[in-house]
Amino acid sequence: MRGPYDTPCCYVLDDAFRLVLACNMNGGQAGALPLEIESAVRAVASGWSLEGQPNNAHLRIDGLRVTVTPLRGPRGRNIAVYVMEAAS
């Protein structure tokens, strides 16, 4: 898996899975969300109902810890994805 993710990264996707924001926790820009992670995020979010509050999902992908969190605001639903190296 391409990184580096020694500094945690945050991605925000809209409801159509388009990238809205990509940054690392130091304030720099992160690259594109890797396809393998995006596919896992799509699988998680496809199970979310539009009613009620979906739960966070915690995944391990190729040595990375990935947290998928639903966001809801005045412009609709977004999806936050946090990626960092998993602790050994």
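To keep things clear, this report deals only with the structure shown in the data block. None of these values were measured; they are calculated from a predicted model. (Residues numbered from 1 in each chain as written. Predicted model: local features only at pLDDT ≥ 70, side-chain atom pairs only at ≥ 80, totals over all residues. Heavy atoms only, no water.)

1. Considering the overall build of the protein chain
What counts here: Put simply, DSSP H or I for four residues or longer makes a helix, DSSP E for two residues or longer makes a strand, and each gets a number counted from the N terminus. Computation of the radius of gyration draws on C-alpha atoms alone. For the globule rule, the value is 2.2 Å times the number of residues to the power 0.38. The cut-offs for exposure are 20% and 50% of the maximum accessible area for each residue type, with area from a 1.4 Å probe on protein chains only; residues under the lower value are buried, those over the upper are exposed, and the others partly exposed. In this description, contact between two residues means that some pair of their heavy atoms is separated by no more than 4.5 Å.
Across its full length, the protein chain holds one helix and five strands. Of the regular secondary structure in the protein chain, the N- to C-terminal order runs β-β-α-β-β-β. Taken against the 2.2 N^0.38 rule, which gives 12 Å for 88 residues, the C-alpha radius of gyration of the protein chain at 13 Å falls within 12% of a compact globule. Along the first, second and third principal axes, the C-alpha set of the protein chain runs to 35 × 25 × 20 Å. A buried classification covers 40% of the 88 residues belonging to the protein chain. Put simply, of all contacts in the protein chain between residues at least 6 apart along the chain, 39% involve residues at least 24 apart.

2. Re the sheet that holds strand β2 (residues 19-24)
Paired through their backbone hydrogen bonds, the strands of a sheet run either parallel or antiparallel. Going by this rule: We call two strands paired when DSSP finds no fewer than two bridges between them. Here the axes come from fitting lines to C-alpha atoms, over the contacting stretch only for helices, and the angles between their N-to-C directions go from 0 to 180 degrees.
An order of β2-β1-β5-β4-β3 is seen for the five strands of this open sheet, with the pairing classed as antiparallel. Sheet topology places β2 and β3 (57-61) at the edges, where each strand pairs with a single neighbour. Taken over all neighbouring pairs, the strand axes of this sheet differ in orientation by 20° on average, direction set aside. Examined bridge by bridge, strand β1 (residues 9-14) and β2 share five bridges and lie antiparallel to one another.

3. What about the state of the cysteines?
Here is the rule: Note on terminology: pairs of cysteine sulfur atoms within 2.5 Å are recorded as disulfides.
This model, assessed by the stated rule, comprises zero disulfides. Between Cys-23, a cysteine without a disulfide, and Cys-10, which holds the nearest cysteine sulfur, the sulfur-to-sulfur distance is 5.1 Å. Given the relative accessible area of 21%, Cys-23 is considered partly exposed.

4. As for unusual backbone geometry
For Phe-17, which is not a glycine, the phi torsion comes out positive at approximately 65°. Take Phe-17: its relative accessible area is 18%, and that puts it in the buried class. The backbone of Asp-62 sits at a positive phi, close to 45°, despite the residue not being glycine. Looking at where Asp-62 falls in the secondary structure, it is placed in the loop between β3 and β4 (64-73).

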